[in-house]
Amino acid sequence: MKIMARLAKWISTFFYMGLTAGGCAMLLLFFFIFYGAEQLPRLPHPLARIIETPKTQIYAATGEKLITLGKKEPVPLSRISPHFINAILAVEDHRFMEHSGLSKLRTLKALYITLVQPGRIQGASTITQQLAKNLFFSFKQTYLRKFKELLVALQIEHTFSKAEILHAYVNQIAFGAGAQGVERAARVFFGKPAADLTLGEAALLAGLPQSPSRYNPYRHYDRALKRREVVIHRMVAMGYLTRKKADQVLQEKPTLAARHADARTGSYFLDTLISQLIQEYGKDVLFHGGIRVTTTLNTAMQRAARTTVKKGMDKLDITLGTNKNDKSIPQVALVAIDTGSGAVKALMGGRNYYGSEFNRAISSKRRVGSGFMPFIYYAAMKQQNVHGGTVMSNQRIATPIKAGQILFSENPTGAPHGNMILKQALTLSVDTITEQLIAKIGVKSVMDIARICGISSPLESVDYRDMTAAQVSPREMAGAYATFASGGVHHDPFFIWRVEDALGHVIYEHLVQGKKVLDAATAFQVVDMMQSVVDNGTAKKVRQQGFSRPAAGKTGTDPDGYDAWFTGFTPGLSTSVWIGYDIPQKINAPNNTTAVHMAISMWTAFMSEALKDDPARPFSIPDNISFKTVGPFTGCPPGTGNTSTVTIPLKPGQALCGDTP
Amino acid sequence: MTHWHESTDIKIWFREMLSPLHLLMVIILAITAVSEWQMSWCEHLVGAYLASSNDKRPEIGTVWETEDRTTTAQSYLKTITDSRKEATRYAREASSFIQLASGILPGQWTHISKTHFKQLYLALPEPTAAELIPTLELVWLFNGTGMDKIFCEGKSHGLDIYFLTPENRVVRQISLSRATVANLDQDNSIFKGTLEDIHNFAGTIYSANQFFKATLGLPSETLSELIIRPERLLPDRGKISRVGIWPDQRSAYVQMGFEVHGSRGDMVIFTKGRNWAVKQLVQRLTGREQ
């Protein structure tokens, strides 16, 4: 009896203690509810209203939609595959239709695991709790946040129907890869609307919300399939599927839509554009303002650029024996600009966006080498009244440089020594003659010309070698050469034609206003020389590859062999191609010209494709230009039987062969 | 008193344990627990209470912040479009370039129709119009180019007017500086001060006597072109003491300033004359007449 009495005493003590503790807990709970309620967020009506975010749409100049940003548009449950609804209920909250926001059994189980097995966390959130968390709370795990989340869930359950809650949930849940809401996820992962999801696809999607990055099917396809298996087993357990059907579905491997590795734009052009829009209007307007942006991009040219870069770099990899797993592999940039307006028509900032997002076309400043010569020649022709037929000597010369030092230059291009006309010197990229020109006119004159043509990178230099070592971006080069192409009229490169709000009101439109910066006749004389570079000089590969349109350009190589350039233009389109390593290192090619030749090949392939539908047209010749024929080394009218001749454009007052005009 | 659980008698123990009070408490607790488990009334109660206080609670949390961002973005865009609408309205209602320039503030822009521009242009006095843009050039712009629309943009220095092709290429740009606008303004044809205060007249100031004497000696066809708007000089503002001639030869017209001493102080009244007519006058004034 003594034992019985002791037991009874224990029971009694526990009973009353439990009663008292329960009472206190209830009081505390009510205290928290009454006083904490004021700090809870207000619920919107209807629940899905605030999920809606107007979409910002970005279009190409040619009319195609390039990307939609910030779009969140809830789709009704009737437009979502029932397979997905079943799958998400089975795996996330199979008692959703029964509970009132809180699954007591799961909560008790989770509480038990949390208390008994420290370190292990058991999730118990219902769909309503998840919705409350996603709509109102941060992802920081605290007990207070969990409690608040529970209270909001209870209010949601009290205020809205199960259909409304489920509708809001499936439309805001994150699936990874930038996809929020089932409609967007279905489009991102499978390229179809949510209504058309098959059972296999729906089950795969339903498995993602638990850990979108861990189960990202683009990166971890097998993991995603394993997770889908769990979902399908849950569906069988809940009676949504027969075992036979489940086995059948498990054999299927859903095909993912291409080009959606994650939330990134996948485009160097769009990255640049988005940065500009953010700078101009701010993130809120871009991602929440529902604006419509018309860009300058020409999709056909962009396709051509992408294909050209891929093929060209694959070929270069073979030539160089590049191991693609190496940390540092050769990179490329290509920019094409409309010479008449400055519109950027195509842009590749690297060989593969998903391999490296760094935009070399805009942000990379690299040594341009003799690509700077057109600015030097223009400055000399303007200041010294020399022209393509002026004779100079290709010889080793001494140039005074900083701190009283003398620089002796040799011509590395293998051009013949002795006299030659300037047109021949540019055609063969003769450094020593360029140096003599610099010595005559001074570095500042060259810098001034480069600046007015649109080169904005720092150009602090004192001698010729530094001058051609100027570090500029491919965009600057394409834009600056476009100034020559358009007869000396410079247009700043731009990316945006027009921005409209959601109602179609124009909030910005670009005006094409050229600035006359170069003398048209002198600019034409330089273009004539640059045509000779393409026809007979260092870029004659352009012609060898069958590009027959009027074109001009200039190659450029860094003296150390780090960078290879070709920038060239037709009367309508200026394109710059750069090849090199991100961290400057010698391009380990069989010979010095390999990388430059690849840049020329890419330029040719791109221009051939980009201009295939445009009629060829010649460069316009200023009225005051006349043409004379001379010998390439004498600068004088050719004698009888002399087959080697060069045509030189002359301005009024310019003379040949030492004659007075 | 001995408690029921302290009893050594099993019968008493059971009797006490199953007393009505104890049974009632257990039954109440059991009903409460089971009903809550089955009906979730506690959750409903809390949910109902929270729903009742919903409107008093703050709009905080992720989703409200998102909506705030949408609201901010849309109000920013509305500011831009409203500003543009306002500029468009002012431009549409403008009956002179002065109204057009004062209606489009710096940062605002709008398009005006070609017809409207022509109306504004034709409303200007001939010399002023020609200074803004030569009439022949305007004829060329309207008929000899692909000009399709006219874009006006408010700038800190005044108003820029662009003549555009359908592709938004600028065919011609003119700038209406504040000074030009002030010149267009009839009320601004009067300057409070003397000719010395306007440095452009330096070295070309003549006494009224000298001026009118030289003027009256000119042929009648020259006289009619010498002062284009003589009516500005007719109101009785005081006595004309000196005349300044703005020696700018770039336009077809020459600016002249008549210094007046009156009861309202010194002032200069501006008017214009044909270049060739003023040239003849100056030759007489300087004694360089052949």
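Keep in mind it's a predicted model, so treat the numbers as computed, not measured.

Colleague: Let's hear about the interface of chain A and chain B: which residues, and what values?
Modeller: Listed by partner, the interface residues are 60 residues for chain A and 55 residues for chain B. The interface formed by chain A and chain B contains three salt bridges. The residue B:E36 makes a salt bridge to A:K104 at a minimum N-O spacing of 3.6 Å. One can count 27 residue pairs in polar contact (both at pLDDT 80 or more) joining chain A with chain B. Sorting the residues of the side of chain A that touches chain B by element identifies α1 (2-36), α3 (104-116), α4 (127-136), α5 (143-159), α11 (268-281), α12 (283-288) and β16 (506-509) of chain A as the ones contributing at least two each. In terms of residue count, α1(A) provides more of the side of chain A that touches chain B than any other element does, ten residues in total. Residues that form the side of chain A that touches chain B fall into these classes: 33 nonpolar, 16 polar and eleven charged.

Colleague: Go over the pattern of salt bridges, please, and point to the residues and values.
Modeller: One pass over the structure, following the stated rule, counts 31 salt bridges over all chains. For the salt bridge of A:E201 with A:K192, the shortest nitrogen-to-oxygen distance reads 2.9 Å. When its relative accessible area of 9% is taken as the criterion, A:E201 is described as buried. The salt bridge involving B:K155 is made with B:D160; its shortest N-O contact spans 3.1 Å. One network of salt bridges, in which partners are shared, links A:K104, B:E36 and B:E43.

Colleague: Break down the packing of helix α13 (residues 299-320) of chain A against helix α22 (residues 594-610) of chain A for me, citing the residues and quoting the values.
Modeller: All names here are of chain A. With their axes 9 Å apart at the nearest point, α13 and α22 run at an angle of 155° to one another. In terms of their interaxial angle, α13 and α22 are classed as roughly antiparallel. The element α13 and its partner α22 pack so that their crossing is right-handed. Judged by residue contacts, M301, A304, A305, T308, V309, G312, M313, K315, L316 and T319 of α13 engage T594, M598, M602, A605, F606, E609 and A610 from α22. Among the residues forming the contact of α13 with α22, the class breakdown is eleven nonpolar, four polar and two charged.

Colleague: How would you sum up the sheet that holds strand β2 (residues 149-155) of chain B? Please name residues and give values.
Modeller: Residue and element names in this part refer to chain B. In space, the four strands of this open sheet follow the order β1-β2-β3-β4, with antiparallel pairing throughout. Whereas interior strands pair on both sides, the edge strands pair on one side only; in this sheet they are β1 (109-112) and β4 (170-177). Strand-to-strand twist of the sheet, defined as the mean angle between neighbouring strand axes without regard to direction, takes the value 20°. In the packing of helix α6 (residues 114-122) onto the sheet, the strands contacted are β1, β2, β3 (158-164) and β4, and the crossing angle to β1 comes to about 90°. Most of the contacts of helix α8 (residues 135-143) go to β4, to which it runs at about 140°, and overall it touches β2, β3 and β4.

Colleague: How would you explain the packing of aromatic side chains if you had to name every residue and give the values?
Modeller: Two descriptors summarise a pair of aromatic rings, namely the distance from one centre to the other and the angle between the planes of the rings. For the structure on display, the rule yields 26 aromatic pairs over all chains. Seen from their ring centres, B:F201 and B:F270 are 6.3 Å apart, and the 20° between their planes marks the pair as stacked. Taken as a pair, B:F201 in the loop between β5 (190-192) and β6 (205-207) and B:F270 in strand β9 (residues 265-274) lie far apart in primary sequence, 69 residues in all. Across the pair, B:F270 and B:F201 agree in class, each one buried. One aromatic cluster in this structure is built from A:F372, A:F375, A:Y378, A:Y481, A:F484, A:F569 and A:F619. Over the face of the ring belonging to B:W37 we find A:K104, whose NZ or CZ atom lies 5.8 Å from the ring centre.

Colleague: Which residues make up helix α16 (residues 431-441) of chain A, and what values go with them?
Modeller: All names here are of chain A. Burial analysis of α16 places nine of its eleven residues in the buried class, which makes it a mostly covered element. Those residues of α16 lying buried are D431, T432, I433, T434, E435, Q436, L437, I438 and I441. Directly beyond the C-terminal end of α16, a positive phi value near 90° is found at G442.

Colleague: A description of empty space enclosed by the protein should follow, citing residues and the corresponding values.
Modeller: All names here are of chain A. Within the structure shown, the criterion is met by two cavities of 30 Å³ or more. Here the second largest cavity is characterised by a volume of approximately 30 Å³. Every residue lining the second largest cavity is listed: I337, D338, T339, G342, G479, A482, T483, S486, V489, H490 and H491. Secondary structure elements with two or more residues in the lining of the second largest cavity: β6 (331-338), α19 (474-485) and β14 (489-490). For the lining of the second largest cavity, the element with the highest residue contribution is α19, accounting for three residues.

Colleague: Residues and numbers for the nonpolar core, please.
Modeller: One finds A:F375, A:Y377 and A:F606 to be the most contacted residues of the largest nonpolar core, which totals 117 residues. Considering every element that reaches this core, the biggest residue donor is α22(A), with ten residues. Mapping this core onto the domain boundaries places at least three of its residues in each of domain 1 (47-52 + 69-288) and domain 2 (308-650) of chain A. When sequence neighbours within four positions are dropped, the list of residues in contact with A:F375 reads A:V446, A:I449, A:A450, A:C453, A:I455, A:A480, A:Y481 and A:F484. Counting 67 residues, the second largest nonpolar core, distinct from the first, contains A:L102, A:Y169, B:V46 and B:L50.

Colleague: Outline the confidence of the model for chain A, listing residues and values.
Modeller: Averaged over chain A, the pLDDT score is 87; the fraction of residues at 70 or greater is 90%. Ranking the elements of chain A by mean pLDDT puts strand β11 (residues 406-409) of chain A last, at 50, and α19(A) first, at 97.

Colleague: Account for the pairing of strand β7 (residues 344-348) of chain A, with residues named and values stated.
Modeller: Residue and element names in this part refer to chain A. Burial analysis of β7 places four of its five residues in the buried class, which makes it a mostly covered element. Bridging between β6 and β7 involves four bridges; their strand directions are antiparallel. Following the sheet pairing, A336 is matched in β7 by A346. The hairpin formed by β6 and β7 contains five residues between the paired strands, and G342 there has a positive phi angle of roughly 95°.

Thresholds, definitions, all that
- Residues numbered from 1 in each chain as written.
- Chains lettered and ligands numbered in written order.
- Predicted model: local features only at pLDDT ≥ 70, side-chain atom pairs only at ≥ 80, totals over all residues.
- Heavy atoms only, no water.
- Contact = heavy atoms within 4.5 Å.
- Salt bridge = Lys/Arg side-chain N within 4 Å of Asp/Glu carboxyl O.
- Polar contact = N/O pair within 3.5 Å; in protein donor to acceptor, adjacent residues only side chain to side chain.
- Helix = DSSP H or I, 4+ residues; strand = E, 2+ residues; numbered from the N terminus.
- Nonpolar A, V, L, I, M, F, W, Y, C, P; charged D, E, K, R; others polar.
- Buried < 20%, exposed > 50% of the residue type's maximum accessible area, 1.4 Å probe, protein only.
- Axes fitted to C-alpha atoms, helices over the stretch in contact; angles between N-to-C directions.
- Parallel < 35°, antiparallel > 145°, perpendicular 65-115°, else oblique.
- Left-handed = near helix turned anticlockwise from the far one by under 90°.
- Pairing = 2+ DSSP bridges.
- Phe/Tyr/Trp six-rings, centres within 6.5 Å; stacked < 30°, edge-to-face > 60°.
- Lys NZ or Arg CZ within 6 Å of the ring centre and 35° of its normal.
- 1 Å grid on protein atoms, 1.4 Å probe; cavity = no way out; pocket = protein on both sides within 12 Å on 5 of 7 lines; lining within 4 Å.
- Points joined across faces, edges and corners; volume = space filled by probe spheres on them.
- Core = buried A, V, L, I, M, F, W, Y, C linked by side-chain atoms within 4.5 Å.
- Domains from an automatic or database assignment.
- pLDDT = per-residue confidence, 0-100.

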